[in-house]
Amino acid sequence: MARIADSSFLRRSKSSPKHGTSAIRLRGPGRSRIFFAMVLFIGVYGAIAGRLVLLGLQDGDPAERFLAAQNSGTQSRPDIVDRNGEILATDIKSAALYAEPRKIPDTDEVFDGLISVLPELDTPAIKKRLESNALFTWLKREITVEQRQAIHGLGLPGVGFRRSNKRFYPGGQTVSHILGTVNVDNQGLSGMEKYVDQAWLKDLQDLGFTQDSTMEPVRLSVDLRVQHAVRDELLRSMEYYKAKAAMGVVLKVDTGEVIAMTSLPDFDPNNRQQALEAERMNRVTGGVYEMGSIFKGITVAMALDSGKVKLEDSFDATKPIRIAGQKIDDFHGKRRVLTVPEIFIYSSNIGTIKMMQKAGIPAQKAFLKKIGLTEKLQTEMPGVARPLLPPKWSELAAMTISFGHGLGVTPLQMAVAGAALVNGGKYLQPTFLPRTVEQADKIAKQVLAPETSEILRYLNRENVLRGSGRRAAVPGYDVGGKTGTAQKVVDGRYAEGIYLNSFLSAFPMSNPQYLVLIVLDEPQKVEGQRYSTAGWNATPTTASVIRRIAPMLGVVPDFVDDAETIPVSYQSRN
């Protein structure tokens, strides 16, 4: 054991070094100095690392805002175009003014310089932003080129510009309620702008795929030419009849496409603040109204389709109906027995009630649900209002609903139901996007027998030829329709002389292609007119609209006997 230990390296380390080599040994003060230097080195770099971590923790929120601000300024949106490719909404390049407060040596100088160009920035809030310790803050979005150049010329430290996108609507107010608006960050707030965000654009933005990128345009079903014509005619009628508001819808009956939709007063989407004013709401999809006698077409269709009422039937309309202390009468009643066509043409409340009663209240409720009038309308447009149903579907409620009172729906909802009455009985949910006939056929719901739809086309045509819709006639276009004059509720009671007037029409009735719904809210009687009911205002407005839009839509006029539509079952009686 001793010999092994003697030969170990521990033993050899004690021997003298070989020739030519040397060994340095540090003792005492030298070793202490090296140890001190190492400690100092570690301490210095540790302090630096700690300071970096501290700065990162302290400035995390401003840094995130800075990065978010850069991204939000460059988000792009796709163009929106009409069915013919006309641009309705597009992005244009803009500038946004920002500040980096930590880089501003003299806040007062910068503040004074900014308000010399942008007086609206002279607020305590802006002054406070400039005096803050933030990395980044917005001062004003969407400034003009002239304003940018003026501020740039001042050479203010800590102030800069960031390129951004601003939404621009070339048509101004023309398509405002369909398009909607975006906010300052180019995010959709309403209308189809909001729909696009919800459908797919927001997901792309969250993934960062929309910065400075060019996307395929979103094509709508709307025809800009038709939209302009409808709006123009509504503006004229609204002014002429001193109406409180006006609405118009044009639908393609075989596809459910919305070709035009106008609600007046409207707003300019380039001035998004206007959209917040209550009187500029979208009444076509967001307003709920008792639609009056245009609802009688629904009741007639229900009664005929039930099989319990036939076109040749007659009903006694000689006396008013009294129920629950209420009296229901006709406006200028004939005071005699009326046939089904006469009930429709003369707009008899009494006759309509008796048809409903023969079909039955359960049949009424089932049919209204089937034709989409008791549930919220399904379409791409955000903000669609729910129908207003009676709290109890009593006998009195069923009576008033049969002629368009006691149940509130949106005008678009009424138009969609009206299309099903004349297009062969197919219910199609409306769309603001292009849809082919083949696509429509796949989703169509048969809610009415084709034979019943044929009779409804005949009745609507007869009403324009011989009834309250005479002023809607447009030679060559075989227009048919039904008037509606609904008394409005004031202080909980129906007010005489305060009306919501409408005309629900389609053309050409021999082969319906388009439906037109015109609504005037509280129109006034003008000189030379006996009444302020729908036949005197909504009906001639419809004629003016159809006269303008029919050629645009490629509908060829037919002047042969004015293309009257008469079903065989009724023609045989003459």
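Since this is a predicted model, take the numbers as computed values, not measurements.

Caption draft 1: Structural detail: the packing of aromatic side chains. Within the structure shown, the criterion is met by six aromatic pairs. Ring plane angle 80° and centroid distance 5.2 Å describe the contact between Phe 136 and Trp 138, whose orientation is recorded as edge-to-face. Judged on exposure class, the residue Phe 136 and its partner Trp 138 are both buried. Through a chain of ring-to-ring contacts, the aromatic side chains of Tyr 98, Phe 136 and Trp 138 assemble into a single cluster. The residue whose ring lies beneath Arg 471 is Trp 536, and the NZ or CZ to ring-centre distance is 3.9 Å. A cation sits over an aromatic face here: Lys 482 above Phe 344, 5.9 Å from the ring centre.

Caption draft 2: Here's a closer look at the sheet that holds strand E15 (residues 493–507). Strand order in the open sheet formed by five strands is E7-E6-E16-E15-E14, with antiparallel pairing between adjacent strands. Edge positions in the sheet fall to strand E7 (258–264) and strand E14 (480–490), since each of these pairs with one other strand and no more. For this sheet the average axis-to-axis angle between neighbouring strands, irrespective of direction, equals 15°. One ladder, built from six bridges, connects strand E6 (residues 245–252) with E7; its direction is antiparallel.

Caption draft 3: Here's a closer look at the pattern of salt bridges. Under the definition given, this model contains 27 salt bridges. The residue Asp 185 makes a salt bridge to Arg 141 at a minimum N-O spacing of 2.7 Å. Linking Asp 185 in the loop between helix H8 (176–179) and helix H9 (191–206) with Arg 141 in strand E3 (residues 137–143), this pair joins segments that are 44 residues apart in sequence. Its relative accessible area of 17% is what places Arg 141 among the buried residues. Put simply, Arg 77, Asp 91, Arg 167, Glu 193 and Asp 197 are held in one network by salt bridges that share partners.

Caption draft 4: Focus on the packing of helix H12 (residues 296–306) against helix H17 (residues 411–422). Between H12 and H17, the least distance of the axes is 10 Å, while the angle of their chain directions is 40°. Classified by the interaxial angle, the pair formed by H12 and H17 is oblique. Every pair of crossing elements has a handedness; the one defined by H12 and H17 is left-handed. From H12, Gly 297, Ile 298 and Ala 301 reach across to H17, where they touch Met 414, Ala 417 and Leu 421. Looking at the contact of H12 with H17 residue by residue, the classes come out as five nonpolar, one polar and no charged.

Caption draft 5: Focus on the environment of Leu 179. As for its position among the elements, Leu 179 is in helix H8. Leu 179 sits in the buried class, given a relative accessible area of 2%. Remark: the alpha-carbon pair of Leu 179 and Ser 190, spanning 11 residues in sequence, is separated by 7.6 Å. Apart from the residues within four sequence positions on either side, Leu 179 is in contact with Ile 80, Leu 88, Tyr 169, Ser 190, Gly 191, Met 192, Glu 193 and Leu 220.

Caption draft 6: Quick look at a negative patch on the surface. Taken together, the side chains of Asp 106, Glu 109, Asp 112 and Asp 122 present a region of like negative charge at the surface. With respect to the secondary-structure elements, Asp 112 resides in helix H5 (residues 107–117). Relative accessible area serves as the criterion here: at 47%, Asp 112 is assigned to the partly exposed category.

Caption draft 7: Local environment of the nonpolar core. Counting residues in hydrophobic clusters, the biggest one holds 87 residues, and the most contacted among them are Ile 178, Leu 220, Leu 251, Ile 298, Ile 371 and Leu 412. A total of nine residues in this core trace back to one element, the largest contributor, which is H17. Once residues lying within four places of it in the same chain are set aside, the contact partners of Ile 371 are Ile 298, Ala 417, Ala 420, Leu 421, Tyr 427 and Val 447. Counting residues in hydrophobic clusters, the runner-up holds 33 residues, among them Val 230, Leu 234, Leu 264 and Phe 507.

Caption draft 8: Structural view of the confidence of the model for the chain. Overall, the predicted model of the chain reaches an average pLDDT of 88, with 85% of residues at or above 70. Segment residues 1–24 is flagged for pLDDT under 50; beyond a separation of four residues in sequence, or across chains, it makes three contacts in the model. Every residue in residues 566–574 is under pLDDT 50, and counting partners more than four places away or in other chains gives 10 contacts.

What counts and what doesn't
Residues numbered from 1 in each chain as written. Predicted model: local features only at pLDDT ≥ 70, side-chain atom pairs only at ≥ 80, totals over all residues. Heavy atoms only, no water. Phe/Tyr/Trp six-rings, centres within 6.5 Å; stacked < 30°, edge-to-face > 60°. Buried < 20%, exposed > 50% of the residue type's maximum accessible area, 1.4 Å probe, protein only. Lys NZ or Arg CZ within 6 Å of the ring centre and 35° of its normal. Pairing = 2+ DSSP bridges. Helix = DSSP H or I, 4+ residues; strand = E, 2+ residues; numbered from the N terminus. Axes fitted to C-alpha atoms, helices over the stretch in contact; angles between N-to-C directions. Salt bridge = Lys/Arg side-chain N within 4 Å of Asp/Glu carboxyl O. Parallel < 35°, antiparallel > 145°, perpendicular 65-115°, else oblique. Left-handed = near helix turned anticlockwise from the far one by under 90°. Contact = heavy atoms within 4.5 Å. Nonpolar A, V, L, I, M, F, W, Y, C, P; charged D, E, K, R; others polar. Patch = residues over 30% accessible without salt bridge, like charges linked within 9 Å, V, L, I, M, F, W, Y side chains within 5 Å. Areas by Shrake-Rupley, 256 points an atom, 1.4 Å probe, with all protein chains shown as cover. Lys, Arg positive; Asp, Glu negative; His and termini not counted. Charge placed at Lys NZ, Arg CZ, Asp CG, Glu CD. Core = buried A, V, L, I, M, F, W, Y, C linked by side-chain atoms within 4.5 Å. pLDDT = per-residue confidence, 0-100.

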